[in-house]
Amino acid sequence: MRNIEVAQILREIGILLEIKGENRFRVLAYQEAARKIENWPEAVETLAEEGKLREISGIGEGLSTKIEEYLRTGKIDFLEELTKEIPRELIRLTEIPGVGPKIVRQIYSELGIVNIEQLEQAIQEHLLQNLPGLGIKSEEKIRKGIDIIKKSTGRMLLGDALPLAEEVVIFLRENTQIKKISTAGSLRRMKETIGDIDILASTVDANRMMEAFINLPMVKQIIAHGTTKSSILTYEGVQIDLRVVDNQSFGAALQYFTGSKEHNVKLREYALKKGYKINEYGIYRIDDGERRGGEKEEDIYQILGMEWIPPEMREDQGEIEAALQKRLPILVDVKDIQGDLHVHSDWSDGLVSIEEMAKAAAQKGYQYIAICDHSQGLAVASGLTPEQIQQRKKEIIHWNNNHAEIFVLEGIEANILSDGTIDLPDEVLVQLPIVVAGIHTGLGQATEKINQRLEKAFKNPYVQIISHPTGRLINKRDATQGDLALLFKYAQQTTTALEMNAQPERLDLKDIDARQASEKYQIKLVVSTDSHDTLSLNLMRLGVAQARRAWLTKNDILNTYDKDQLLQTLHKKRDRLII
DNA sequence: GCCGTTTTCGGCCCGACTGTTTTCAGTCG
Ligand SMILES: Nc1nc2c(ncn2[C@H]2C[C@H](O)[C@@H](COP(=O)(O)OP(=O)(O)OP(=O)(O)O)O2)c(=O)[nH]1
Ligand SMILES: [Mg+2]
Ligand SMILES: [Mg+2]
Ligand SMILES: [Zn+2]
């Protein structure tokens, strides 16, 4: 998959064109194409080979030619020429908050600045404040911007952002007179990483609310402070945006502030075609200028003849078209989840006993929980030998004989060895009602090797679920080199389910891949927390959110089934493959 | 640079905050 790489190149061309002062819609075309390719579930090189690039809306004659050239030669002539005029280094400067293409162009052409060090030097010598359109304050603002970008740690994990947002919301509730409040932006859409925390509120006194906000104890710096919108930076380097509107506009504002940007643009374009105008204050008829709604978020979609679209779907990935046809799927909900099929106990590297895990799971209202400890191939995680599995079995039987509130399933997270065999013999696997298998070592192997390993694992009749299929760790480790399309084919052929691991830094399979697995290959998925302690069981919420972002329904997720149905489904494979 | 159940040319969302500005451009959400 070279999608990210190609998207990156297109994005760079877009920014360079913007600095050059090109037509902004031409710039937009590059940005939009980049986004489309980044979110495309198939490999861009495959599309190019098959001559299908132009089937992506937003990629036409010019862009497809450039993309093909890049994939073939590793270069784009047009870009080579462009960088002679606009150095590539300048792109980094546009990443400074408050510094855009116009300022970069100006400091480059007037002062010859191409990097942050030179910019800092120029600021120290107060060279910027004498440039037309800039002054003392702009210079200071840019200096602060450089501070921010230097300390910036990139996008946060959703799992880290959620509690922080909750803390801010609670503080605002306690210290201001709030009518309504909600998180918005990527956080409400439950995107796997979060750029900043967006909060929307309606209140009796907007000014007081803003005062309270910018005086939060966590505030390091005030980025903007207006009557309806303020932004602050916390000591941890997290930006928080607060938008305040009247109660009667809360719905329209929530729609706006939830985004995504691309969803908003598409929605607003469609509205225009139908004679309406949408902004964060409401939806208006263009002919008479009358406001037609906006108190509730549903107003906006309903007036346009659409179903209300769940926030997780608002990525301009076909949801607007589906909502118009009233064909949105009924997304899986946390309440549908009947059990967790991947948790560890202190028999391996878990921190709590089977009993504690079972009690906690029962508390969550689950019907069943599968204890899937590591197996012997993973010694660092105290993986279980066949003998230990026998021992553990007694404890599980004992629990089930004495407790009706939840059924504990005996399971394993077996290790896929570097030759693709499972680290436990079939005689052991056949005894286990739940068999998950995953790659934990040799993640850096070449494509061919990973593919072969997985093929072998998928073909093992006892392996029901592949855990964390790509092995990626967000912001830390890339997915393995395994070919996802091939992996999906194996899963389809062998009716093996794939896990959507809910650990905040895994979320693996990820949303767009899970959607592809389900839509194109009819693969079933399992949302699991991979808990090593009881608190982590709550991560189910994150995993289900990713499933919702993958457009999945209850029927697509095996751990929404009741116990009998689940076991029947999971055991079909061994019944079919062993005659 | 892309696109088209009204278009193959003329559109391509809409508004807040900041700083520098005598009326608005730049940046960002
Ligand atoms: N209509 C419109 N809405 C926008 C635009 N930019 C941002 N928004 C809305 C939708 C976004 O989800 C919301 C919050 O903006 P953010 O920049 O914080 O983006 P978002 O939270 O989606 O992603 P993030 O994780 O913060 O990078 O504001 C825009 O250009 N037009
Ligand atoms: Mg945001
Ligand atoms: Mg924001
Ligand atoms: Zn694992």
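Residues numbered from 1 in each chain as written. Chains lettered and ligands numbered in written order. Predicted model: local features only at pLDDT ≥ 70, side-chain atom pairs only at ≥ 80, totals over all residues. Heavy atoms only, no water.

*Asks:* Explain the overall build of chain A to me, and be specific about the residues and the numbers.
*Replies:* Of regular secondary structure, chain A possesses 24 helices and 17 strands. Computed over the C-alpha atoms, the radius of gyration of chain A is 26 Å, within 12% of the 25 Å expected from 2.2 N^0.38 for a compact globule of 579 residues. Over its C-alpha atoms, taken along the principal directions, chain A stretches across nearly 80 × 60 × 50 Å. In chain A, which comprises 579 residues, the share counted as buried stands at 55%. (Helix = DSSP H or I, 4+ residues; strand = E, 2+ residues; numbered from the N terminus. Rg over C-alpha atoms; globule rule 2.2 N^0.38 Å. Buried < 20%, exposed > 50% of the residue type's maximum accessible area, 1.4 Å probe, protein only.)

*Asks:* Give me the lowdown on the environment of proline 132, citing residues and values where you can.
*Replies:* Tracing the backbone shows proline 132 in the loop between α8 (116–124) and α9 (136–151). For the pair proline 132 and glutamine 106, spaced 26 residues apart in the sequence, the C-alpha separation amounts to 9.1 Å.

*Asks:* Any details on the coordination of the magnesium ion (ligand 2)? Residues and values, ideally.
*Replies:* In this structure, Asp196 (OD) and Asp198 (OD) serve as the protein donors to the magnesium ion (ligand 2), at separations of 1.9 to 2.1 Å. A separation of 3.5 Å is found between the magnesium ion (ligand 2) and the magnesium ion (ligand 3), which are bridged by aspartate 196. (Donors = N, O, S within 2.8 Å, 3.2 Å for Na, K, Ca; no water.)

*Asks:* Summarise the sheet that holds strand β6 (residues 229–234); cite the residues concerned and give the values.
*Replies:* With mixed pairing, 5 strands are arranged side by side in an open sheet as β2-β4-β7-β6-β5. Only two strands of the sheet have a single partner each, and these edge strands are β2 (178–184) and β5 (219–225). In this sheet, neighbouring strand axes are inclined to one another by 20° on average, regardless of whether the strands run parallel or antiparallel. With 6 bridges connecting them, strand β4 (residues 197–203) and strand β7 (residues 239–245) associate as parallel partners. (Pairing = 2+ DSSP bridges. Axes fitted to C-alpha atoms, helices over the stretch in contact; angles between N-to-C directions.)

*Asks:* Could you give an account of the UniProt feature "domain: DNA-directed DNA polymerase X" (unreviewed entry) in chain A, with specific residues and numbers?
*Replies:* Mapped onto the present numbering, the UniProt feature "domain: DNA-directed DNA polymerase X" (unreviewed entry) falls on residues 1–315. Overall, residues 1–315 shows 51% helix and 16% strand. The separation of its end C-alpha atoms is 21 Å. (UniProt positions renumbered as here; feature names shortened; annotations may be inferred.)

*Asks:* How would you sum up unusual backbone geometry? Please name residues and give values.
*Replies:* Looking along the chain, the bond that leaves glycine 259 and enters serine 260 is cis, with omega of -5°. Topologically, serine 260 is positioned in the loop between α13 (250–258) and α14 (261–273). In this structure, leucine 509 follows aspartate 508 across a cis peptide bond, with omega equal to 0°. Mapped onto the elements of the fold, leucine 509 is located in the loop between β16 (497–501) and α22 (511–521). Phi at methionine 190 is positive, roughly 60°, even though this residue is not glycine. When you line up the elements, methionine 190 lands in the loop between α11 (185–188) and β3 (193–194). We classify methionine 190 as buried; its relative accessible area is 8%. A positive phi angle, near 25°, is found at histidine 468, a position not held by glycine. Residue placement: histidine 468 occurs in the loop between β15 (465–466) and α21 (484–494).

*Asks:* If you had to explain the site of ligand 1 to someone new, which residues and values would you point to?
*Replies:* Contacts to ligand 1 come from 15 residues, most closely from Arg155, Ser186, Gly195, Asp196 and Asp198. Within the contact set of ligand 1, an oxygen atom lies 2.8 Å away from a backbone nitrogen or oxygen of glycine 195. For ligand 1, whose unbound accessible area comes to 590 Å², protein coverage reaches 71%. Listed by contribution, the elements that provide at least two residues to the shell around ligand 1 are α11, α13 and α14. Among the residues making up the shell around ligand 1, the classes are represented as 3 nonpolar, 6 polar and 6 charged. When residues are assigned to domains, the shell around ligand 1 turns out to be shared by domain 2 (156–244) and domain 3 (249–324), each giving three or more. (Near = heavy atom within 4 Å. Polar contact = N/O pair within 3.5 Å; in protein donor to acceptor, adjacent residues only side chain to side chain. Areas by Shrake-Rupley, 256 points an atom, 1.4 Å probe, with all protein chains shown as cover. Nonpolar A, V, L, I, M, F, W, Y, C, P; charged D, E, K, R; others polar. Domains from an automatic or database assignment.)

*Asks:* Any details on the UniProt feature "domain: Polymerase/histidinol phosphatase N-terminal" (unreviewed entry) in chain A? Residues and values, ideally.
*Replies:* UniProt's feature table lists "domain: Polymerase/histidinol phosphatase N-terminal" (unreviewed entry) at residues 339–418, given in the numbering used throughout. Secondary structure content for residues 339–418 is 34% helix and 26% strand, while the C-alpha to C-alpha distance between its ends is 31 Å.

*Asks:* Help me get a handle on the pairing of strand β8 (residues 276–279), residues and values and all.
*Replies:* Here β8 runs beside strand β9 (residues 282–285); their pairing, made up of 4 bridges, is antiparallel. Among the inter-strand pairings, isoleucine 278 is bridged to a residue of β9, identified as isoleucine 283. Between the end of β8 and the start of β9, which pair antiparallel, lie 2 residues.

*Asks:* Could you give an account of the packing of aromatic side chains, with specific residues and numbers?
*Replies:* Evaluated as defined, the whole model comprises 3 aromatic pairs. Centroid distance phenylalanine 458 to tyrosine 490: 6.2 Å. Interplanar angle 45°. Geometry classified as tilted. With phenylalanine 458 in helix α20 (residues 447–459) and tyrosine 490 in helix α21, this pair connects stretches of sequence that are 32 residues apart. Exposure class is identical for phenylalanine 458 and tyrosine 490. Each is buried. The positively charged end of lysine 277 is found above the aromatic ring belonging to tyrosine 284, 5.7 Å away from the centroid. (Phe/Tyr/Trp six-rings, centres within 6.5 Å; stacked < 30°, edge-to-face > 60°. Lys NZ or Arg CZ within 6 Å of the ring centre and 35° of its normal.)

*Asks:* Describe the protein's contact with DNA strand B, listing the residues and the values that go with them.
*Replies:* Near DNA strand B there are 50 residues, and of these Gly58, Gly60, Gly98, Gly135 and His225 occur at the shortest range. For DNA strand B, the backbone portion of the atoms within 4 Å of the protein, that is sugar and phosphate, comes to 79%. Separating a phosphate oxygen of DNA strand B from a backbone N or O atom of lysine 102 is a distance of 3.2 Å. Residue contributions to the surface near DNA strand B peak at 5 residues, all from α14. Taken together, the residues of the surface near DNA strand B sort by class into 20 nonpolar, 16 polar and 14 charged.

*Asks:* So what's going on with the pairing of strand β14 (residues 434–438)? Which residues, and what values?
*Replies:* Taking burial as the measure, the 5 residues of β14 include 5 buried ones, the bulk of the element. Burial of the side chains of β14 extends over both faces: Ile434, Val436 and Gly438 are buried on one face and Val435 and Ala437 on the other. Relative to β14, strand β13 (residues 407–415) runs parallel, the two being bridged by 5 bridges. Across the sheet, the residue bridging to glutamate 413 is valine 436, located in β14. With 2 bridges connecting them, β14 and β15 associate as parallel partners. Within the sheet, the bridge partner assigned to valine 436 lies in β15 and is isoleucine 465.

*Asks:* Can you lay out the nonpolar core for me, pointing to particular residues and giving the numbers?
*Replies:* Among the nonpolar cores identified, the biggest contains 58 residues, and Phe488 and Leu498 are the most heavily contacted of them. Here leucine 498 is in contact with Phe458, Ile465, Ile466, Pro469, Leu487, Phe488, Ala491, Leu509, Ile523, Lys524, Leu525 and Val526, once residues within four sequence places are set aside. In terms of nonpolar packing, the next biggest core, distinct from the first, is built from 48 residues, Ala34, Ala48, Ile67 and Ile103 among them. (Core = buried A, V, L, I, M, F, W, Y, C linked by side-chain atoms within 4.5 Å. Contact = heavy atoms within 4.5 Å.)

*Asks:* So what's going on with the pattern of salt bridges? Residues and values would help.
*Replies:* For the structure shown, the criterion picks out 37 salt bridges. Two residues, arginine 143 and glutamate 140, come together in a salt bridge whose shortest N-O distance is 2.8 Å. You can see arginine 143 and its partner glutamate 140 sitting in helix α9, 3 residues apart, about one turn around the helix. Arginine 143 gets classed as partly exposed once you look at its relative accessible area, which sits at 35%. The closest approach of N and O atoms between arginine 143 and aspartate 147, which form a salt bridge, is 3.8 Å. A residue pair is termed a helical-turn pair when its members lie 3 or 4 positions apart in one helix, as arginine 143 and aspartate 147 do in helix α9 at 4 residues. For aspartate 147, a relative accessible area of 33% corresponds to the partly exposed category. Among the charged side chains, a network of salt bridges with common partners joins Glu32, Arg35, Lys36, Glu262, Lys266, Asp316 and Glu321. (Salt bridge = Lys/Arg side-chain N within 4 Å of Asp/Glu carboxyl O.)

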